Amino acid sequence: MIYKRSSELFKIAKNYIPGGVNSPVRAFKSVGGNPVFASKAKGAYVFDEDGNKFIDYISSWGPMILGHAHDNVIKAILKTAENGTSFGMPTTMETELAQLALSMVNGMDKIRFVNSGTEACMSAIRLARGFTKKDKIIKFSGCYHGHSDSFLIQAGSGVVTFGTPNSPGVTQGTAKDTLIAPFNDLKYVKKLIKNNSGEIASIIIEPVAGNMGCVIPKDGFIEGLRVLCDKNDILLIFDEVMTGYRLANGGAQEILGVNADIVTYGKVIGGGLPVGAFASRNEIMKELSPEGSVYQAGTLSGNPLAMSAGLATLFELKHNPCIYDSLENKTSYLEQGMRAILNETSIDYRINKLGSMISLHFTSEDVVDFKSAQKGNNEKFKKYFHGMLSEGVYLPPSAFESYFLNDALTYDDIDFTLNAFKKVIKLI
Ligand code: KE4
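What counts, and at which threshold
Residues numbered from 1 in each chain as written. Predicted model: local features only at pLDDT ≥ 70, side-chain atom pairs only at ≥ 80, totals over all residues. Heavy atoms only, no water. Helix = DSSP H or I, 4+ residues; strand = E, 2+ residues; numbered from the N terminus. Expected span 1.5 Å × (residues − 1). Buried < 20%, exposed > 50% of the residue type's maximum accessible area, 1.4 Å probe, protein only. Arc of directions from axis to C-beta. Pairing = 2+ DSSP bridges. Axes fitted to C-alpha atoms, helices over the stretch in contact; angles between N-to-C directions. Parallel < 35°, antiparallel > 145°, perpendicular 65-115°, else oblique. Left-handed = near helix turned anticlockwise from the far one by under 90°. Contact = heavy atoms within 4.5 Å. Domains from an automatic or database assignment. Buried area = accessible area lost by both parts, 1.4 Å probe. Salt bridge = Lys/Arg side-chain N within 4 Å of Asp/Glu carboxyl O. Nonpolar A, V, L, I, M, F, W, Y, C, P; charged D, E, K, R; others polar. Polar contact = N/O pair within 3.5 Å; in protein donor to acceptor, adjacent residues only side chain to side chain. Near = heavy atom within 4 Å. Areas by Shrake-Rupley, 256 points an atom, 1.4 Å probe, with all protein chains shown as cover. 1 Å grid on protein atoms, 1.4 Å probe; cavity = no way out; pocket = protein on both sides within 12 Å on 5 of 7 lines; lining within 4 Å. Points joined across faces, edges and corners; volume = space filled by probe spheres on them. Disulfide = S-S within 2.5 Å.

(A) Structural context of helix α11 (residues 322-342). For α11, which comprises 21 residues, the first-to-last C-alpha distance of 30 Å matches the rise-based estimate of 30 Å (1.5 Å per residue) to within 8%. Of all the residues in α11, the buried ones are Ile323, Tyr324, Leu327, Lys330, Thr331, Leu334, Glu335, Gly337, Met338, Ile341 and Leu342. The buried residues of α11 occupy an angular sector of 165° when the element is viewed end-on, so they sit on one face. The exposed set on the far side of α11, more than 90 degrees from its buried face, consists of Cys322 and Asp325.

Written as structure tokens, this is what we have:
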């Protein structure tokens with residue numbers, strides 16, 4: 001594969017944009033080499049500026065669950081754009097998407113639209129703090145909730161103490177209100193609650209984690225968090241920016257059979273345009289401005305253009321729920337094919353999969369949290385990533401990401417992927 005044009009474009013971009021990208025993971029830092037610049041995409045395929053065609057397993061990090069440039073989504077966007085794209089005034093499309101989105105999930109009475117998953121999670125934390133009148137939050141190592149200060153925190157040096165900033169620019173003042181626990185470790189959460197009794201507003205979690213690769217909750221873990229929150233007057237926030245409307249119409253709440261107090265959404269809910277959202281029951285949402293005093297706002301929140309893409313996408317998902325079985329079957333087919341090939345080698349590996357989220361880890365240990373995810377062999381991953389890229393398969397450029405299959409993928413595409421996988425695996 002030739003990436004000449006992308007390399008030229010990357011050089012130019014770096015003169016105007018920090019690192020040449022508008023989101024760090026796109027820069028290929030953890031796999032090395034230069035990023036490929038996309039020129040267009042349709043269905044399961046993305047094309048770069050050198051004319052290379054790739055089978056896409058990122059789906060724009062989740063939103064393109066129907067495949068790229070889905071006819072009905074594009075039609076909806078074009079039709080809406082002719083009447084204007086944003087007014088800064090209420091529109092019926094916001095109400096329509098709110099009704100549709102709420103009709104697909106459990107236990108949520110109202111939803112507020114914002115412009116990204118970061119904004120949704122940041123606002124959800126503020127709402128939880130305003131509702132409970134408590135300051136501290138618990139998050140989990142390896143779970144990512146966007147780049148607002150409260151989340152850019154890593155586990156503190158002392159056991160069961162508050163976190164420390166993991167980015168310059170985040171203050172110790174912010175970090176002291178964020179407590180960090182290992183994913184799948186209920187005992188540790190209990191200790192944090194005991195040591196900070198009466199001070200914790202919320203526990204926020206990716207109920208099925210996708211930012212350590214795909215990491216699945218152990219039986220009883222999420223249910224245990226629900227019980228601890230109920231017992232200790234703590235709000236449970238499910239960050240479903242990745243899992244929402246991807247694992248099922250009702251997302252992880254439906255798959256796991258556990259209801260959160262607040263759920264955040266992004267990605268799929270916007271169908272590829274910038275939409276985030278957070279939802280909860282009336283008694284909590286009534287605290288939100290302008291009804292209540294917890295402030296939150298946004299110029300482009302709920303703009304009709306973004307709403308039209310979200311409406312078209314969720315409409316397809318609601319009225320064709322067989323898409324989820326189809327995605328599950330395709331992902332299982334990919335998984336079984338990868339296992340069959342890997343089992344013919346001496347390569348240590350684990351594959352984690354749930355629904356259409358899957359990740360491959362070059363390790364001999366089960367990947368159940370961030371610590372075990374970090375034990376993966378990144379040198380092998382780099383060779384694997386670039387090998388597959390050169391075969392025309394675009395995977396997430398980081399070992400700490402989940403693949404996102406889209407429904408435009410065919411079994412021929414997956415067979416093509418497995419043939420490439422067979423060739424590449426021999427070389428790493
Ligand atoms: P955004 O602000 O990127 O829309 O959403 C932040 C976010 C919140 N919660 C979860 C569970 C997420 O996965 C994300 C963002 N996901 C990453 C992929 N790991 C987006 C890719 C990127 O950062 O460019």
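(B) Region of the structure containing the pairing of strand β5 (residues 136-140). Burial of β5 is extensive: 5 of the 5 residues sit out of reach of the surface. Across the two faces of β5 the burial is the same, with Lys136, Ile138 and Phe140 and Ile137 and Lys139 all buried. Sheet topology places β5 next to strand β9 (residues 200-205); 3 bridges connect them, and they run parallel. Considered in β9, the bridge of Ile138 is made with Ile203. When β5 meets strand β8 (residues 178-181), the two strands line up parallel, connected through 4 bridges. Bridge pairing in β8 links Lys139 to Ile180.

(C) Just the packing of helix α13 (residues 378-390) against helix α14 (residues 411-427), in detail. Where α13 contacts α14, the two axes come as close as 9 Å, and the packing angle between them is 135°. Comparing the axis directions of α13 and α14 gives the class oblique. Considering how the two elements wind past one another, α13 and α14 form a crossing that is right-handed. Touching Lys383, Tyr384, Gly387 and Met388 of α13 are Thr417, Ala420, Phe421, Val424 and Ile425, all from α14.

(D) Structural context of the domain arrangement of the chain. The domain architecture assigned to the chain consists of domain 1 (4-69 + 321-427) and domain 2 (71-319). Each of domain 1 and domain 2 was reduced to a C-alpha centroid, and the two centroids are 25 Å apart. Counting from both sides, the interface comprises 32 residues of domain 1 and, opposite them, 34 residues of domain 2. Of the roughly 2600 Å² buried between domain 1 and domain 2 on both sides combined, carbon and sulfur atoms contribute 67%. Of all residues in domain 1, Tyr324, Leu354 and Met357 bury the most surface against domain 2, accounting for 26% of the area lost on that side. In this structure, Asp71 engages Lys42 in a salt bridge whose closest nitrogen and oxygen atoms are separated by 2.8 Å.

(E) The arrangement of the environment of Val36 in detail. Within the secondary structure layout, Val36 lies in the loop between α1 (4-13) and β1 (38-42). For Val36, a relative accessible area of 12% translates into the label buried. On a C-alpha basis, the gap between Val36 and Asn115 in space is 26 Å, while along the polypeptide they are 79 residues apart. Residues in contact with Val36, not counting those within four places in the same chain, are Tyr3, Ser6, Phe28, Asp48, Phe54, Leu389 and Tyr394.

(F) Region of interest: the packing of helix α6 (residues 186-195) against helix α7 (residues 221-231). As a packed pair, α6 and α7 sit with axes 10 Å apart at the nearest point and diverge in direction by 15°. Between α6 and α7, the interaxial angle falls into the category roughly parallel. As α6 packs across α7, the resulting crossing turns out to be right-handed. Across from Leu186, Val189, Lys190 and Ile193 in α6, the residues of α7 making contact are Phe221, Gly224, Leu225 and Leu228. Split by residue class, the contact of α6 with α7 holds 6 nonpolar, 1 polar and 1 charged.

(G) Quick peek at the side chain of Thr178. Looking at where Thr178 falls in the secondary structure, it is placed in strand β8. Overall, Thr178 belongs to the buried group, its relative accessible area being 0%. Within the structure, Thr178 has its side chain in polar contact with the backbone oxygen of Ser150 (distance 2.9 Å).

(H) Main features of the site of the ligand. In the vicinity of the ligand lie 16 residues, with Ser23, Thr118, Asn211, Asp239 and Glu401 positioned nearest. Contact between the ligand and Thr118: an oxygen atom at 2.7 Å from a side-chain N or O atom of the residue. Burial of the ligand by the protein chains amounts to 86% of its free accessible area of 540 Å². Across the shell around the ligand, the residue classes break down as 5 nonpolar, 7 polar and 4 charged. Two domains each put at least three residues into the shell around the ligand: domain 1 (4-69 + 321-427) and domain 2 (71-319).

(I) Structural context of the layout of surface pockets. If you add up the space inside the second largest pocket, you get close to 400 Å³. Lining the second largest pocket are 21 residues, with Glu94, Arg112, Phe113, Ser301 and Gly302 sitting closest to its centre. At the level of secondary structure, the elements contributing two or more residues to the lining of the second largest pocket comprise α3 (92-103) and β4 (110-114). For the lining of the second largest pocket, the residue count by class is 9 nonpolar, 10 polar and 2 charged.

(J) Structural view of the state of the cysteines. What the rule picks out here adds up to 0 disulfides. Cys121 takes part in no disulfide bond, and the closest cysteine sulfur to it belongs to Cys143, at a distance of 10 Å. Judged by its relative accessible area of 0%, Cys121 falls in the buried class. With no disulfide partner, Cys214 has as its closest neighbouring cysteine sulfur the one in Cys143, 11 Å distant.

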